[in-house]
Amino acid sequence: MVHKCTIRTRYCESDSLGHINNVSYLIYLEQARVDFMLDNEIIPSIENWPFVLASIHCDYIKQVYVNQTLSISSFVVEIGQSSFKLANEIRDRQTDELLAFGEAVIVHFDFTKQKSSPIPDEMRRKLEVYKKISV
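This write-up is about the structure you can find in this document.

Conventions and cut-offs
- Residues numbered from 1 in each chain as written.
- Predicted model: local features only at pLDDT ≥ 70, side-chain atom pairs only at ≥ 80, totals over all residues.
- Heavy atoms only, no water.
- Core = buried A, V, L, I, M, F, W, Y, C linked by side-chain atoms within 4.5 Å.
- Buried < 20%, exposed > 50% of the residue type's maximum accessible area, 1.4 Å probe, protein only.
- Helix = DSSP H or I, 4+ residues; strand = E, 2+ residues; numbered from the N terminus.
- Contact = heavy atoms within 4.5 Å.
- Pairing = 2+ DSSP bridges.
- Expected span 1.5 Å × (residues − 1).
- Polar contact = N/O pair within 3.5 Å; in protein donor to acceptor, adjacent residues only side chain to side chain.
- Phe/Tyr/Trp six-rings, centres within 6.5 Å; stacked < 30°, edge-to-face > 60°.
- Salt bridge = Lys/Arg side-chain N within 4 Å of Asp/Glu carboxyl O.

1. A word on the nonpolar core
With 15 residues, the main nonpolar core has Phe36, Met37, Phe51, Val76, Phe84 and Leu127 as its most contacted residues. Going through the elements one at a time, α1 (22–39), β3 (69–79), β4 (83–92), β5 (98–110) and α2 (121–128) are the ones with two or more residues in this core. Residues in contact with Phe36, not counting those within four places in the same chain, are His3, Ile42, Ser74, Val76, Leu86, Leu127 and Tyr130.

Here it is, written out as structure tokens:
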């Protein structure tokens, strides 16, 4: 299964070259991660956020412009003991053209002990629903 969210780009996210600045893509991916977690009840609320990022990357395929509407698909690629990899495809909502691809390694984290902790069974079951075999 795939989770989708929609984002419309804003003028403040553009740069002097007239396209959306590369750092804005990471903000879009962050919003897609948060929506994925909350919409699918991976976590009950944002107040108890149990994750840290171990890594994130974004491959830029096509330029994005102001007032462009994006569709971001999120799906799980791998699930480990205490982390999982979430992949995202950023597409133009109108044409479905692939604009960027991102991946993040998300670690389930115990903030009291300041170390990773095993992904709870219930959370793992919810993540499994969004696991996609091939990217």
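2. Regarding the pairing of β4
Of all ten residues making up β4, eight are buried, and the element is well covered by its neighbours. Across nine bridges, the pairing between β3 and β4 is antiparallel. Note on β4: the bridge partner recorded for Glu78 is Lys85. Taking the residues between adjacent antiparallel strands as the criterion, β3 and β4 are bridged by three residues. In this structure, the hairpin formed by β4 and β5 is closed by a connection of five residues, where Asp96 is found at a positive phi of approximately 65°.

3. A look at α1
Taking 1.5 Å of rise per residue, the 18 residues of α1 would be expected to cover 26 Å, and the 26 Å separating its terminal C-alpha atoms lies within 8% of that figure. Along α1, the positions that sit buried rather than exposed are Ser24, Tyr25, Tyr28, Leu29, Ala32, Arg33, Val34, Phe36 and Met37. Those residues of α1 that are buried lie in contact with β1 (3–8), β2 (51–60), β3, β4, β5 and α2. For α1, the capping residue at the N-terminal end is Asn21, with a side-chain oxygen 3.0 Å from the backbone nitrogen of Val23. Directly after α1, the chain includes Glu41, whose backbone phi takes a positive value near 55°.

4. Comments concerning the packing of aromatic side chains
Scanning the entire structure with this criterion turns up six aromatic pairs. Taking 4.8 Å as the distance between ring centres and 85° as the angle between the ring planes, the aromatic pair formed by Tyr25 and Tyr60 counts as edge-to-face. Note that Tyr25 is positioned in helix α1 and Tyr60 in strand β2, a separation of 35 residues in sequence. We classify Tyr25 as buried; its relative accessible area is 4%.

5. Brief notes about unusual backbone geometry
One can expect most non-glycine residues to show negative phi and most peptide bonds to be in trans. Within the chain, Glu41 stands out as a residue other than glycine whose phi angle is a positive 55°. Tracing the backbone through its elements, the reader meets Glu41 in the loop between α1 and β2. The backbone phi angle of Asn67 is positive, close to 65°, even though this residue is not glycine. In this structure, Asn67 sits in the loop between β2 and β3.

6. Regarding the pattern of salt bridges
What the rule picks out here adds up to six salt bridges. Of the charged contacts in the structure, one is a salt bridge between Glu13 and Arg10, with a shortest N-O distance of 3.1 Å. Overall, the relative accessible area of 9% leaves Glu13 in the buried class. Notably, a salt bridge pairs Arg91 with Glu89, separated by 3.3 Å at the nearest N-O pair. Both residues of the pair, Arg91 and Glu89, count as buried. Via salt bridges that share partners, Glu78, Lys85 and Glu103 belong to a single interconnected network.

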